[in-house]
Amino acid sequence: ADRIAAHFSRLAPFVQGILVPGSTGEGWEMSDTEVRELLEISLPAAQAAGMRVLIGLLKTETTQMLTALDALVDLIKHPAVVGITLCPPQGAHLTQQQLADGLRHVLERQLPTALYQLPQVTQNELTPETVARLAQDFSNFIMFKDTSGEDRVAMSDVDLGGVFLVRGSERGGYAKWHRSAGGRYDGFLLSTANCFAPELAKILALLASGRKPEAQHLSDRVEGIVTAAFDLVKSFPTGNPFTNANKLLDHILTFGDEATSAPPPMLISGVRLPAVMVRQMQQIYRSAQS
């Protein structure tokens, strides 16, 4: 709990909203009991830090989403909570109609809702037309995040009725995607903001002031570190690359020069990331600072 509170305090000057549990973290592997425990720690900490929370209903079937929603009704009423987040039901075989119908069952609860395009998990992708129909039918559909890296919804000309668009992909940098740089996104929702919130906030500030070359330079540096981190962990058999890369980066930022002597980060499975990865990540981070 102390570690989470400290983390939120570090993020708060740069990040106004967080997703708990995270969609590119270990949220998919957490039990309902673990999710509740995390939220009971995180919501007061977020409120104290002045941050708002989206609660992630990270389930692969609509019935599971609704069950999780019912179990969290009391926590959704917490003053730090601004809404819920869900992904389409899982399955490459599902039609657009089936995906939309599954989401409608949750949207009909009329809670402020963010929808996530996360084909890495769901094995499918909502078309721009499907997203537009949901936006037309549900005023409580407030935000759409795309982690696909394909950006089909944002790049289309469909009318999303003011739905707030955020990019979740680390591919292709950061500086060119925001509306202030001529891009199609209103903001970012990135797992790496846990580690690079100051840099990402500075990129947006530089773009807002018209200093695009400086923003691009900083964007390239952050993307280089992130890409190297993902490459470092991609062959590790436990967990997922998003989680593992972020845990390594967070470990380096937390312990600094003492990172290699502190116990390596532990995954929710109980497995620790190898100490050699910590040393390699420290070298990557130091090289990028020089």
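This is a predicted model, so every value here is computed, not measured.

So, how was this worked out
- Residues numbered from 1 in each chain as written.
- Predicted model: local features only at pLDDT ≥ 70, side-chain atom pairs only at ≥ 80, totals over all residues.
- Heavy atoms only, no water.
- Helix = DSSP H or I, 4+ residues; strand = E, 2+ residues; numbered from the N terminus.
- Rg over C-alpha atoms; globule rule 2.2 N^0.38 Å.
- Contact = heavy atoms within 4.5 Å.
- Areas by Shrake-Rupley, 256 points an atom, 1.4 Å probe, with all protein chains shown as cover.
- Lys, Arg positive; Asp, Glu negative; His and termini not counted.
- Charge placed at Lys NZ, Arg CZ, Asp CG, Glu CD.
- Phe/Tyr/Trp six-rings, centres within 6.5 Å; stacked < 30°, edge-to-face > 60°.
- Buried < 20%, exposed > 50% of the residue type's maximum accessible area, 1.4 Å probe, protein only.
- Lys NZ or Arg CZ within 6 Å of the ring centre and 35° of its normal.

Undergrad: Describe the overall build of the chain, with residues and values.
TA: Helix and strand counts for the chain come out as twelve helices and seven strands. The C-alpha atoms of the chain give 19 Å as radius of gyration, which agrees with the globular expectation for 290 residues (19 Å, within 12%). Principal axes of the C-alpha set define a box for the chain whose edges measure 50 × 45 × 40 Å. Considering only contacts in the chain between residues 6 or more positions apart, those separated by 24 or more positions represent 64%. Carbon and sulfur atoms make up 53% of the accessible area of the chain, which amounts to about 13100 Å² in all. For the chain, the separation between the mean place of its 25 positive charges and that of its 30 negative charges on side chains is 5 Å.

Undergrad: Tell me about the packing of aromatic side chains, and name the residues and values.
TA: Tallying each qualifying case throughout the model produces three aromatic pairs. With a centroid separation of 6.4 Å and 90° between ring planes, the pair formed by Y174 and F188 is classed as edge-to-face. Remark: F188 occurs in strand 7 (residues 187–188) and Y174 occurs in the loop between strand 6 (164–167) and strand 7; sequence separation between them is 14 residues. Ring geometry for W177 versus Y185: centroids 6.1 Å apart, planes at 75°, classification edge-to-face. Take W177 and Y185: they sit in the same class, and that class is buried. For R167, the ring lying beneath its charged end belongs to W177, and the centroid distance is 3.9 Å.

Undergrad: I'd like to hear about unusual backbone geometry, residue by residue, with values.
TA: Cis geometry is found at the peptide bond from V20 to P21, where omega equals -10°. The residue P21 is located in the loop between strand 1 (17–20) and helix 2 (32–49) in this model. Positive phi, normally seen in glycine, also occurs at Q110, with a value near 65°. Considering the arrangement of structural elements, one finds Q110 in the loop between helix 5 (96–107) and strand 4 (113–117). The class for Q110 is partly exposed, based on a relative accessible area of 47%. Despite not being glycine, D151 shows a phi value in the positive range, around 60°.

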